[in-house]
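Understanding the architecture of this molecule
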Amino acid sequence: MNTSHALGFNCWIVPPLPFSVSISTAAKPSLRVRTTRDSSYSTSSSAETGSSSNTLSVSQDRKLLSLLQQRKTDEAWVLYAQCAHLPNSTCLSRLVAQLSHLNSGEGLSKAQSIIQRLQRERQLHRLDANSLGLLAVAAAKGGRLFYALSILKSMLNSGYLPNVKAWSAVASRLAASGDDGPLEAIKLFESVTRRVQVFVDVDMVKDSMPDTGAYNAVLNACANLGDVRKFCQLFDGMSYFNCVPDAWTYNVMIKLCARIGRKDLLVFILETIIVKDIDFCVTTLHSMVAAYVGFGDLETAEKLVQALREGRRDLCRILRESNCINGEELGNADSSVFQKLLPNSTDLGEPPELPQAFSPDSRMYTTLMKGYVNAGRVSDTVRMLEAMRCEDDSASHPDHVAYTTVISAFVKSGSMDNARQVLTEMSMNSVPANVITYNILLKGYCQQLQIDQAEDLLREMNDKAGIEPDVVSYNTLIDGCILADDSAGALTYFNEMRSRGIAPTKVSYTTLMKAFASSGQPKLANRVFDEMLKDPRVKVDLVAWNMLVEGYCKLGLVEEAKNVIQSMKDHGVYPNVATYGSLANGISVARKPGEALILWKEIKERCGFLIEEECSSSSSSFPPMKPDEGLLDTLADICVRAAFFRKALEIVACMEEHGIPPNKTKYKRIYVEMHSRMFTSKHASRARQDRRRERKRAAEAFKFWLGLPNSYYEGTEWEPDSEDEDQQE
């Protein structure tokens, strides 16, 4: 059973005695419990009712509370909006809790407006921990993860301890998100547990203590990061809070092994679940099949499914034999850690059997079908669908996920007509398609530049099937417009998406930026980027910055690109190889070789190619970087064309140091075409000839490296000195 909480808060949504937990700053921890029953109706409390003579405020509060107790949340909101005064703590807490529990965008916005009002009036302390926790969960479910995280952080900083159901639900969603979500989930877990451990009397904080579901959430974050040692550390700490690993805990461990490439350990996880007599569920078998499919080991995945079809229970024996056949062995940097997690991986005994026979269901078949799709085995995917139809067990019959997988196989192979036939077959078999099914079809049409058919499908999806397009639908159409070189169409879909109330994602913004950058409109791309910066739901990452830099560099607008890079650094984002590669291409387009010398100096510092005395303080704080062939080749090309032979030789040396073979043939051609008659003038003045001497020596050294005729070194070995090329003529 999945013990990651299903968010069933009915038992504590609006408790009769809501309370808040406050940690004092004294050396000895203490707990202050404030009940609203004692303070909500007291007319003598100036903090709640202002004055005992203000009977109108008290009457409105009583009416508001009555509406909330009758679950008339909408009417209660209208009354709250009409109140000139701030209602008491009980009313505010219950109103925020019930608005949050509506699980709607409108309810969340109204709850947020109450929070904003309390923040303005410095009255946020009026809310109890439960209402704030519910708001955090509602925000997380609504996709506003970092807003939810900010609520929990604010609670912790103010001395509130959120209920474990609230903070673990947010941690669970953070762990499954992209960007820094898994890291933030780990930080949140550690922040709560650190505060809980301060208390000697655990009964005072028992509602906030982590349970197995909370541990599963943070372990999932470690698995998504591939952080084995952190996973082991947290797994060992479960006993401190009397948490016992369950089947879902070990399912997460299966994911970790899949993430770090330890296929050999999967069988030992299955054996551990059986030996420890943990309640076994078919989800573990789903995870096993998915792991082998992810490794591309379809043969073992097929053996598992076939064994289950035959009612066999000796899966562990089958998997051990598969390890021996494939030569899977223990022994890498994480072996000692896994020996702690899985002692049976080194102490091999008789493989245990499953507690009972399990039959494969549609999800297991579909997982195997996805492996066929990834391997390009379309015919096997279709045969699997036909076999599922013939199964006696209705749980094995194809569902919408199975049909969608077949559609994906046809789309991937470019057979859009067959994909549409499968969609028709779904309707005939009363298997309803969902938005994912239509999104895959949309992607197929867009990849084949059939934008008109994609538009027709969007209308059919909305009008006939009654399925509302989501942000992925519009992102796909925007990307299709880019492939068709239609930036205006991309903007139209972006605006239509927002008019429907669909919030753009990071992909939406970067895809639209790509449309404008590709069509030579970097200023419009910059405007989209500015909108992205203002959107609190979206975290601007390196991809977005690089997209903007590339847009300017394609037109040779080097100064604008450099300004973007400087702004990137100011925001704490470090340029990477792609950033420098775009800038180098922009310098080449703009024909500004002097800029290449400045760029090369910064790259040398990032690559550790400079001696300590040459490093500047501005770039030395940046993390190290490994250059790629495209970046160094572009810089070398610029330097050779501009006759900066010293720098060209430095770049070539850097390429060889990093195992990148220089394109000597190309550089030889450039030299012969552009510089073969250099330094041949007999009419230059003596001073001019002296200034050329060092450059000529560098040119002769470069010719020697190219294998062209040269005057060699006249008895001394030449080495490039540290003088910058741009200081020479």
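The structure contained in this document is the topic of the report that follows. (Residues numbered from 1 in each chain as written. Predicted model: local features only at pLDDT ≥ 70, side-chain atom pairs only at ≥ 80, totals over all residues. Heavy atoms only, no water.)

**Some details on unusual backbone geometry**
- The phi torsion at Arg71 lies on the positive side, around 60°, for a residue other than glycine.
- Here Arg71 lies in the loop between helix 2 (55-69) and helix 3 (73-82).
- For Ser430, which is not glycine, the phi torsion reads 60° and is therefore positive.
- Considering the arrangement of structural elements, one finds Ser430 in the loop between helix 21 (416-428) and helix 22 (435-447). (Helix = DSSP H or I, 4+ residues; strand = E, 2+ residues; numbered from the N terminus.)

**Let's talk about helix 26 (residues 506-518)**
- The terminal C-alpha atoms of helix 26, which comprises 13 residues, lie 18 Å apart, in line with the 18 Å expected from a rise of 1.5 Å per residue.
- Restricting attention to buried positions, one finds in helix 26 the residues Ser508, Tyr509, Thr510, Thr511, Leu512, Met513, Ala515, Phe516 and Ala517.
- Structurally, helix 26 contributes buried residues whose contacts are with helix 24 (471-483), helix 25 (487-499), helix 27 (522-534) and helix 28 (542-554).
- Among the residues trailing helix 26, Gly520 stands out with phi positive, at a value near 75°. (Expected span 1.5 Å × (residues − 1). Buried < 20%, exposed > 50% of the residue type's maximum accessible area, 1.4 Å probe, protein only. Contact = heavy atoms within 4.5 Å.)

**Observations concerning the environment of Ala247**
- Assignment of secondary structure puts Ala247 in helix 12 (residues 247-260).
- Its relative accessible area of 2% is what places Ala247 among the buried residues.
- On a C-alpha basis, the gap between Ala247 and Ile273 in space is 6.8 Å, while along the polypeptide they are 26 residues apart.
- If sequence neighbours within four positions are ignored, Ala247 has contacts with Ile278, Asp279, Cys281 and Thr284.

**As for the side chain of Thr634**
- Topologically, Thr634 is positioned in helix 33 (residues 629-641).
- The buried category is assigned to Thr634, whose relative accessible area is 16%.
- Polar side-chain contacts of Thr634 include one of 2.8 Å to the backbone oxygen of Gly630.
- Once residues within four sequence positions are removed from consideration, Thr634 is found in contact with Ala584 and Asn585. (Polar contact = N/O pair within 3.5 Å; in protein donor to acceptor, adjacent residues only side chain to side chain.)

**Points about the packing of helix 11 (residues 228-237) against helix 12**
- Contact geometry for helix 11 and helix 12: axes closest at 11 Å, N-to-C directions at 165°. Taken together, the axes of helix 11 and helix 12 lie roughly antiparallel to each other. Taken as a pair, helix 11 and helix 12 cross one another with a handedness that is left-handed. Contacts between helix 11 and helix 12 involve Val228, Phe231 and Phe235 from the first element and Thr249, Tyr250, Val252, Met253, Leu256 and Ile260 from the second. (Axes fitted to C-alpha atoms, helices over the stretch in contact; angles between N-to-C directions. Parallel < 35°, antiparallel > 145°, perpendicular 65-115°, else oblique. Left-handed = near helix turned anticlockwise from the far one by under 90°.)

**Quick word on the packing of aromatic side chains**
- Following the criterion strictly, the structure yields 10 aromatic pairs and no others.
- Measuring from ring centre to ring centre gives 6.3 Å for Phe231 and Phe235, while their planes differ by 10°; the resulting arrangement is stacked. With Phe231 and Phe235 both in helix 11 and 4 residues apart, this pair spans about one turn of that helix. As far as the burial class goes, Phe231 and Phe235 line up, both buried.
- For the ring pair Phe645 and Tyr671, a centre distance of 5.5 Å and an interplane angle of 55° mean the geometry is tilted. Here the residue Phe645 occupies a position in helix 34 (residues 645-657), and Tyr671 occupies one in helix 35 (residues 664-675), the gap between them amounting to 26 residues.
- Overall, the relative accessible area of 1% leaves Phe645 in the buried class.
- Under the relative-accessibility criterion, Tyr671 is labelled buried at 5%.
- One aromatic cluster is present, formed by Trp167, Phe189 and Tyr215 through successive ring pairs. (Phe/Tyr/Trp six-rings, centres within 6.5 Å; stacked < 30°, edge-to-face > 60°.)

**Side note on the environment of Thr249**
- Along the chain, Thr249 falls in helix 12.
- For Thr249, a relative accessible area of 0% corresponds to the buried category.
- For the pair formed by Thr249 and Gly213, sequence separation is 36 residues and the distance between their alpha carbons is 8.6 Å.
- Once you skip the residues sitting within four places of it in the chain, Thr249 turns out to touch Thr212, Asn216, Leu219, Phe235 and Met238.
- Within the structure, Thr249 has its side chain in polar contact with the side chain of Asp246 (distance 2.8 Å).

**Some points on the pattern of salt bridges**
- Evaluation of the coordinates by the stated rule reveals 31 salt bridges.
- With a shortest N-O distance of 2.8 Å, Arg320 and Glu271 are connected by a salt bridge. Linking Arg320 in helix 16 (residues 315-326) with Glu271 in helix 13 (residues 266-275), this pair joins segments that are 49 residues apart in sequence. The residues Arg320 and Glu271 share a single accessibility class, namely buried.
- One salt bridge in this structure joins Arg383 and Asp380, with 2.2 Å as the shortest N-O distance. Of this pair, Arg383 and Asp380 both sit in helix 19 (residues 378-389), 3 residues apart, which is roughly one turn of that helix. (Salt bridge = Lys/Arg side-chain N within 4 Å of Asp/Glu carboxyl O.)

**Some details on helix 30 (residues 577-590)**
- Taking 1.5 Å per residue as the helical rise, helix 30 with its 14 residues ought to reach 20 Å, and the 20 Å between its terminal C-alpha atoms agrees with that figure.
- What helix 30 keeps buried is the set Val577, Thr579, Tyr580, Gly581, Ser582, Leu583, Ala584, Gly586 and Ile587.
- On its buried face, helix 30 is in contact with helix 28, helix 29 (558-570), helix 31 (593-607) and helix 33.
- Sitting at the head of helix 30, Asn576 places a side-chain oxygen 3.2 Å from the backbone nitrogen of Ala578.
- With its phi angle positive at about 55°, Arg591 sits one or two positions after the end of helix 30.

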